[in-house]
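# An overview of the molecular structure
The chain contents come next:
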Amino acid sequence: MSKFAKRMHSMEKSAAVIRNLFGAMNDPEVISFSGGAIAQECLPVEIIHELTQDIMQREGRGVEALSYGPVMGVKDLREVVVSDLVRPKGVKLSVDNAMILSGGLEAMNLMCQVFIDPGDIILVESPTFVHSIEIFDMFQARCIAVETDENGMNMEDLEAKIKKYNPKMMYLIPTFQNPTGITLSLDRRKKAAQLASEYDIVLLEDDPYRDIRYNGVELPPVKAFDTTGHVVMANSFSKIFSPGSRLGYLVANERIINKLADAKSATNSHTSILPQIICAEFFKKGHYQEHHRNLCAVHRIRRDTMLDAIDRYFPEGTRRTQPDGGLFTWAELPKNINTTELLVEATTNPEVKVAYVAGEGFFTEGGGKGRNCMRLSFGAVPPEKIREGMAKLGKLLQTYESRYSFTVSS
Ligand SMILES: Cc1ncc(COP(=O)(O)O)c(C=O)c1O
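Calculation notes
- Residues numbered from 1 in each chain as written.
- Predicted model: local features only at pLDDT ≥ 70, side-chain atom pairs only at ≥ 80, totals over all residues.
- Heavy atoms only, no water.
- UniProt positions renumbered as here; feature names shortened; annotations may be inferred.
- Phe/Tyr/Trp six-rings, centres within 6.5 Å; stacked < 30°, edge-to-face > 60°.
- Helix = DSSP H or I, 4+ residues; strand = E, 2+ residues; numbered from the N terminus.
- Buried < 20%, exposed > 50% of the residue type's maximum accessible area, 1.4 Å probe, protein only.

The protein chain goes by 2-aminoadipate transaminase in an unreviewed UniProt entry, where it is assigned to Tindallia californiensis. Recorded in UniProt for the protein chain, the comment headed Sequence similarities (unreviewed entry) runs: "Belongs to the class-I pyridoxal-phosphate-dependent aminotransferase family." Per UniProt, the protein chain carries the Cofactor (unreviewed entry) text "pyridoxal 5'-phosphate".

Below, the structure is given as structure tokens:
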């Protein structure tokens, strides 16, 4: 029998978590709080229809859209990235520092290609984004979890783990983190950039939720405090434009961006040109501002509905985060509730049919951490469905609790 590469074995566990996540999304009867998608109602279908027609009719642009293109991406879109999305946040780099990706996830792939050899250590938040864990596993990295609290990654623990493990890379999701919705405080952002420089370690800042803010004060990215080029800033168009167009970008200083471009060229030559041109036109024609306002308004209602539903329907003793933006909240349930076990019943019981992501898969340290937690994504579910789904889940949790107590006392 043909033998698979060792990396396929390394990623078995995290790949299974991702498969389950998408599995539940495919059942139309399930109310799914599992995926990290934005509201379908916010996808700018009409505008894209018009823009695409215009692109195809315009001299030269249609041919450009259907031809091979530059490794770093279409110049117009790189200009949009720098002028609209990067420089206003205090990162003073130029178009030469910006590369367009095939989805935000490609940042993790390319960074691993450039920096990670099997066995290298990556320091991550605890919990962290399961899809990134899958990629880090694929490159046979060893993820070490750094303590994380309501202000994000703990910088004392980060420094202690840098000294202990001599990591090759650090990975941070600073704003409205996936899975918790927590935001890294200003002081910690500065400290993270300083530690990356001091210990000469690359820091990957993955920030796809930062522009979906409902309240609170916007904070500069970690990259804005980077004076030595150790921070690579990655982002995605999936949450602010369209996930299906598979567009993302990263911004890095010259030495690193050149290596990332070599890795990109070896991987897929460049990102598809047509979605890049459509996205660039969307911004250049001024559609983003209104779209962005609407995006935040729609998701703010969903966030509020979800938080209210957790408080209303979940058992006493449940703790939850209070995200100021993004698409997720994180619920920590009473200790006796095993969310991995519960998920099977929640998705298959015809009285329930609700999906979430069980907490365990987000913790690289294992040992059952997060077993009583769940990530609840409110982005893709209309408010009335959030209420309905959460009421059903709350009811199931009650019966689960009483069944469990019965087992214990018998
Ligand atoms: C933290 C984080 N990084 C990156 C991504 C990747 O986004 P994309 O869909 O653009 O690949 C996501 C998507 O859910 C995410 O949550």
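### Side note on the packing of aromatic side chains
The geometry of two aromatic rings is summed up by the distance between their centres and the angle between their planes. According to the stated counting rule, one finds 9 aromatic pairs in the structure shown. With 5.2 Å between their ring centres and 75 degrees between their planes, Tyr209 and Phe328 make a pair best called edge-to-face. Of this pair, Tyr209 sits in the loop between strand 8 (202–206) and strand 9 (231–236) while Phe328 sits in strand 12 (residues 328–332); the two residues are 119 residues apart in sequence, bridging distant segments of the chain. We note that Tyr209, like Phe328, is buried. Both rings, one in Trp330 and one in Phe362, keep their centres 5.7 Å apart while their planes meet at 85 degrees; by these two values the pair is edge-to-face. Residue Trp330 is found in strand 12, and its partner Phe362 is found in the loop between strand 14 (357–358) and strand 15 (373–377); the two are separated by 32 residues along the sequence. Considered together, Trp330 and Phe362 belong to a single accessibility category, that of buried residues.

### Overview of unusual backbone geometry
Along the chain, Ser126 connects to Pro127 via a cis peptide bond; the corresponding omega equals 5 degrees. Among the structural elements, Pro127 can be located in the loop between strand 3 (121–125) and helix 7 (130–138). Going from Asn178 to Pro179, the amide bond is cis rather than trans, its omega being 20 degrees. Checked against the element boundaries, Pro179 lands in the loop between strand 7 (169–172) and helix 9 (186–198). One non-glycine residue with positive phi stands out, namely Phe176, at about 45 degrees. Relative to the helices and strands, Phe176 is located in the loop between strand 7 and helix 9. Phe176 gets classed as buried once you look at its relative accessible area, which sits at 1%. One non-glycine residue, Lys353, lies in the positive phi region at around 55 degrees. You can see Lys353 is positioned in the loop between helix 13 (339–348) and strand 13 (354–355).

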